[in-house]
Amino acid sequence: MRERIRALRDLMVKKKLDGFLIINERSIFYFTRAIGANSLLIPNEGQSILYVYSVNYNSVKNEAKNCIIEKLEKREDFTKKLAEKIKDLKLKNIGFDTLNVETFLQFRKLLRGKARLKPKSELVWNLRKVKDEEEIKLIQKAAEITSRAMEKAYEIVQPGMTEIEAVAEIEYEMRKAGAWGYAFETLLASGPRTAYCHGYCTEKKIKKGELVVIDLGAVYKGYRADMTRTLVVGKPSKKQEKIFNIVREAQEKAFQSVKSGKKAKDIDAIARNFIKEAGYGEYFVHGLGHGVGLDVHEPPTLNSESKDRLKAGNVVTIEPGIYIPGFGGVRIEDTVLVKRRGAERLTKGPYALTLS
C-alpha cells in the first residue's frame, strides 16, 4: 500500500498537485485495503487520512493500512470535515477521482477559493491498470474459481432446466470453490436470447439444440475475473458450428497478438477484420475487451477507438462475439495477463461447443 501511495504522489508532483481526494470505494481499497470507508485524502507530504462513518469504523480500523482514520458521526457532512482539513494542511491544488456535481459545488463553496479541485482520475487509473505481483496472484485465484464454475456449467446444463436453475448451481460452485462474491450478475441466455450481448437469466427452459451463452466471474479478496463460453445442448446445426468456429478463431488470433507495447485498437482490429471477412462483421457489436481488476470493467479498453497501448501487467478480456437477431449468438471470452512478450490466459477451458 505504501508503494502505491508513493507512486501516486510522484504523479501528483508532476501535475503540480499538493493533495488528492479519492471517493471511489475500490480505489480507496486499492490504497488502504479498507472496505466501507467514505473518502481518502492523500496530501503530498505526511499521513494519508481515511474518513469513515461510525457504522463502519471498527471494521475499517482493523483493516486499513498506512493511513490515519477519522470517524464521521452519523449524518455528519463529510464535505465540511474534509474542507476544514484541506484548509488546515494549506493544500491549494487538489486532484480528485470522482465527485458528483452536488458534492463538487459544495466543496467549492466551503473552500471559498482557497483551494482548487481538479478532476484527475487518470492518475489513479495509470496505477490501477498495471497490476503488481500481489494483484496478479489474486486475479489468478479468481480466474481459477471462475474456470471451475464454467466446468460445472458444462456438467449440469441440460434440456428442461431453466436458466435460473442453471445459474443457481453455477454460482453455488463458485462459492464452494472460495469465491468471496460474483464479479457481476451471472449471465445465462439460451436460444434466440443468446443474440442479446448481456442476456440476463430468466425462467425460460433450455431446449435441446439451442445455443447457450454463459458469462460468469468470481471475486476473490476484492479482485475479479471474467469468462464466457457458448455451448449447444445436443447436436449443433451447421450454422451454429460455423459461427462458433469463426468466433473461436477470432479470439485465438487476437490472443496471439497480445503483448506489451501493442495498440489496443490494433488487437481489436485483428478479431474484427477476421469476423468481417467471414461475412459477419455487422453482428460483432461491441469492443473486443476491457481491463479487469478490482472492477470488472476498467482501463485499458480494447475497441476500435481506444487510445490505450498495452503494458506488461495489464489484465484484460479478449471476447469477440457474433449476435444474430432471431437466431442467436456466440461469445467466447477469457481473462488474459499481458506480458512483455505475449500473454497468458488466466481463465482456462473448456472450449467445446457440445457437452461431453
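Preceding this section is the structure that the text describes.
Residues numbered from 1 in each chain as written. Predicted model: local features only at pLDDT ≥ 70, side-chain atom pairs only at ≥ 80, totals over all residues. Heavy atoms only, no water.

**Digging into empty space enclosed by the protein**
To find the voids left in a structure, one rolls a probe of water-molecule size over its atoms.
Okay, step 1: Within this structure, the stated rule accounts for 1 cavity of 30 Å³ or more.
Okay, step 2: The computed volume of the largest cavity comes to approximately 50 Å³.
Okay, step 3: Around the largest cavity sit L187, L188, A189, T194, Y196, C197, H198, G199, V213, I214, D215 and R331, which together line it.
Okay, step 4: Looking at the lining of the largest cavity, the elements that each hand over two or more residues are strand 8 (187-190) and strand 9 (211-216).
Okay, step 5: Here the residues of the lining of the largest cavity are counted per class, giving 7 nonpolar, 3 polar and 2 charged. (1 Å grid on protein atoms, 1.4 Å probe; cavity = no way out; pocket = protein on both sides within 12 Å on 5 of 7 lines; lining within 4 Å. Points joined across faces, edges and corners; volume = space filled by probe spheres on them. Helix = DSSP H or I, 4+ residues; strand = E, 2+ residues; numbered from the N terminus. Nonpolar A, V, L, I, M, F, W, Y, C, P; charged D, E, K, R; others polar.)

**Observations concerning helix 8 (residues 163-176)**
Okay, step 1: Over its 14 residues, helix 8 extends 20 Å from the first C-alpha to the last, a length consistent with the 20 Å expected when each residue adds 1.5 Å.
Okay, step 2: Within two residues after helix 8, G178 carries a phi angle of roughly 115 degrees, on the positive side. (Expected span 1.5 Å × (residues − 1).)

**Quick look at the pattern of salt bridges**
Okay, step 1: Applying the stated criterion across every chain yields a total of 23 salt bridges.
Okay, step 2: Residue E173 pairs with R148 through a salt bridge whose shortest N-O separation is 2.9 Å. Placement of E173 in helix 8 and of R148 in helix 7 (residues 133-156) is noted, with a sequence separation of 25 residues between them.
Okay, step 3: Assessed through its relative accessible area of 8%, E173 is described here as buried.
Okay, step 4: By relative accessible area, R148 is classed as partly exposed at 39%.
Okay, step 5: Here R248 and E252 are joined by a salt bridge, their closest N and O atoms 3.7 Å apart. (Salt bridge = Lys/Arg side-chain N within 4 Å of Asp/Glu carboxyl O. Buried < 20%, exposed > 50% of the residue type's maximum accessible area, 1.4 Å probe, protein only.)

**Re the packing of aromatic side chains**
To describe a pair of aromatic rings, one takes the distance between the centres and the angle between the planes.
Okay, step 1: Scanning the entire structure with this criterion turns up 5 aromatic pairs.
Okay, step 2: Here F78 and F107 contribute two aromatic rings whose centre-to-centre distance is 6.1 Å and whose plane-to-plane angle is 80 degrees, an arrangement assigned as edge-to-face. Placement of the pair is F78 in helix 4 (residues 78-88) and F107 in helix 5 (residues 101-111), with a sequence separation of 29 residues.
Okay, step 3: Cation over ring: R229 sits above Y351, and NZ or CZ is 4.0 Å from the ring centre.
Okay, step 4: Between K239 and the ring centre of F327, over which it is positioned, the NZ or CZ distance is 4.4 Å. (Phe/Tyr/Trp six-rings, centres within 6.5 Å; stacked < 30°, edge-to-face > 60°. Lys NZ or Arg CZ within 6 Å of the ring centre and 35° of its normal.)

**Examining the sheet that holds strand 1 (residues 19-22)**
Okay, step 1: Pairing within the open sheet is mixed, and its 6 strands lie in the order 4-3-2-1-5-6. Looking at strand neighbours, the two that pair on one side only are strand 4 (68-72) and strand 6 (116-119), the edges of this open sheet. Ignoring strand direction, the axes of neighbouring strands in this sheet form an average angle of 25 degrees.
Okay, step 2: Bridge count between strand 2 (residues 39-43) and strand 3 (residues 49-53): 3 bridges; the pairing is antiparallel. Paired with L40 across the strands is L50, a residue of strand 3.
Okay, step 3: Against the sheet, helix 1 (residues 2-14) touches strand 1 and strand 2, its axis set at about 60 degrees to strand 2. (Pairing = 2+ DSSP bridges. Axes fitted to C-alpha atoms, helices over the stretch in contact; angles between N-to-C directions. Contact = heavy atoms within 4.5 Å.)

**Some words on the packing of helix 7 against helix 8**
Okay, step 1: Viewed as axis vectors pointing N to C, helix 7 and helix 8 meet at an angle of 145 degrees, and their least axial separation amounts to 8 Å. The crossing of helix 7 and helix 8 is right-handed. Counted together, I145, R148, A149, K152, A153 and I156 of helix 7 and A166, E169, I170, E173 and M174 of helix 8 form the full contact between these two elements.
Okay, step 2: Residue composition of the contact of helix 7 with helix 8, by class: 7 nonpolar, no polar and 4 charged. (Left-handed = near helix turned anticlockwise from the far one by under 90°.)

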